[in-house]
Amino acid sequence: MSQFREIITKSVVAKGRKYTQTHHTILPPNKPSGILGCWIINHEYKAKKSGRTVDVFGTYEINVWYSYQNHTKTAVVTDKVEYKDVLKLTYRDDDCEGDDDVWVKVLQQPNCQEAVISDCGTKINVQAERELTVEVTGETKVCVAFHDYEDDWDCERETAEEHHEK
């Protein structure tokens, strides 16, 4: 005899993904004459669900190594950047309960695509990129077919006395 059962479980009920390019302007203490390198470090973030979106709040540091005084000296300038990314969610199950658990995965850590000296010659323009994905878990129902095999089996019952005689 086959029946159906509903199982309540936690599963991924919504997902979101976002790729972001940003432009930052950094003002070094010395007039730069060349860019020697640029890297982004110390990426930190946290996420909060807000309706049908997830807000990801984060920070990272941009470090630019540059030359100045006509390429005779070098220095590193650091700028801490704050960001907020809003990721739209696509729901697989609209009837979920308790969908407040948010999981963030960084697909592309913030990194420098380009660092150049501005046209005025006193600033450094940095183009950065990052990509995030989020998953929201919640309680949902799964419907499964259930079959009670014990009812269909035609087993002979063996008693303890019969077992000892054999």
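Residues numbered from 1 in each chain as written. Predicted model: local features only at pLDDT ≥ 70, side-chain atom pairs only at ≥ 80, totals over all residues. Heavy atoms only, no water.

Colleague: How would you summarise the sheet that holds strand β2 (residues 32-50) if you had to cite specific residues and measurements?
Modeller: Strands in a sheet are paired, the pairing made by backbone hydrogen bonds, and the direction either parallel or antiparallel. An order of β2-β3-β4 is seen for the three strands of this open sheet, with the pairing classed as antiparallel. On the outer flanks of this sheet lie β2 and β4 (73-88), each paired with one strand and no other. Along the sheet, successive strands turn relative to each other by an average axial angle of 15°, direction set aside. In the sheet, β2 pairs with strand β3 (residues 53-68) via 15 bridges, with the strands oriented antiparallel. Its bridge partner lying in β3, G37 is registered against W65. (Pairing = 2+ DSSP bridges. Helix = DSSP H or I, 4+ residues; strand = E, 2+ residues; numbered from the N terminus. Axes fitted to C-alpha atoms, helices over the stretch in contact; angles between N-to-C directions.)

Colleague: Break down the confidence of the model for the protein for me, with residues and values.
Modeller: A residue-level look at the protein finds 87% of positions with pLDDT of 70 or above and a mean pLDDT of 89. Taking the mean pLDDT of every element in the protein, the minimum, 57, falls on helix α2 (residues 160-165) and the maximum, 98, on β3. (pLDDT = per-residue confidence, 0-100.)

Colleague: Summarise the side chain of H43; cite the residues concerned and give the values.
Modeller: Note that H43 resides in strand β2. For H43, the residues in contact, after removing those within four places along its chain, are T59, Y60, Y83, V106, Q109 and P110. (Contact = heavy atoms within 4.5 Å.)

Colleague: Residue-level account of a nonpolar patch on the surface, with values.
Modeller: There is a patch of nonpolar side chains on the surface, built from L36, W39, I41, W65 and V76 and spanning about 440 Å² of accessible area. In terms of residues, the nonpolar patch owes the most to one element, β2, which gives three residues. Examined against the element boundaries, V76 turns out to sit in strand β4. Owing to a relative accessible area of 47%, V76 belongs among the partly exposed residues under this scheme. (Patch = residues over 30% accessible without salt bridge, like charges linked within 9 Å, V, L, I, M, F, W, Y side chains within 5 Å. Areas by Shrake-Rupley, 256 points an atom, 1.4 Å probe, with all protein chains shown as cover. Salt bridge = Lys/Arg side-chain N within 4 Å of Asp/Glu carboxyl O. Buried < 20%, exposed > 50% of the residue type's maximum accessible area, 1.4 Å probe, protein only.)

Colleague: Describe in detail the side chain of D55, supporting the description with residues and values.
Modeller: Among the secondary structure elements, D55 is positioned in strand β3. No salt bridge is formed by the buried D55, whose closest oppositely charged neighbour, K84, lies at an N-O distance of 4.1 Å. Not counting chain neighbours up to four residues away, the residues in contact with D55 comprise K46, A47, K48, S50, K84, D85 and V86. (Lys, Arg positive; Asp, Glu negative; His and termini not counted.)

Colleague: Provide a residue-level description of unusual backbone geometry, including the pertinent values.
Modeller: Its identity is not glycine, yet N42 carries a phi of approximately 55°, on the positive side. Tracing the chain through its elements places N42 in strand β2. Even without glycine at this site, N70 takes up a positive phi of about 55°. Position of N70 relative to the elements: it lies in the loop between β3 and β4. Judged by relative accessible area, N70 falls into the exposed class, the value being 67%.

Colleague: Hey, could you go over the pattern of salt bridges for me, with residue numbers and the actual values?
Modeller: Tallied over the entire structure, the rule returns five salt bridges. With a closest N to O distance of 3.8 Å, K15 and E135 form a salt bridge. Placement of K15 in strand β1 (residues 2-26) and of E135 in strand β7 (residues 124-147) is noted, with a sequence separation of 120 residues between them. Taking the relative accessible area as the measure of exposure, E135 reaches 31% and is therefore partly exposed. Notably, a salt bridge pairs D85 with R130, separated by 3.0 Å at the nearest N-O pair. A residue pair is termed long-range when its members are at least 10 positions apart, and D85 in strand β4 and R130 in strand β7 qualify at 45 residues. For D85, a relative accessible area of 3% gives the class buried. Residue class for R130 comes out buried when judged on its relative accessible area of 3%.

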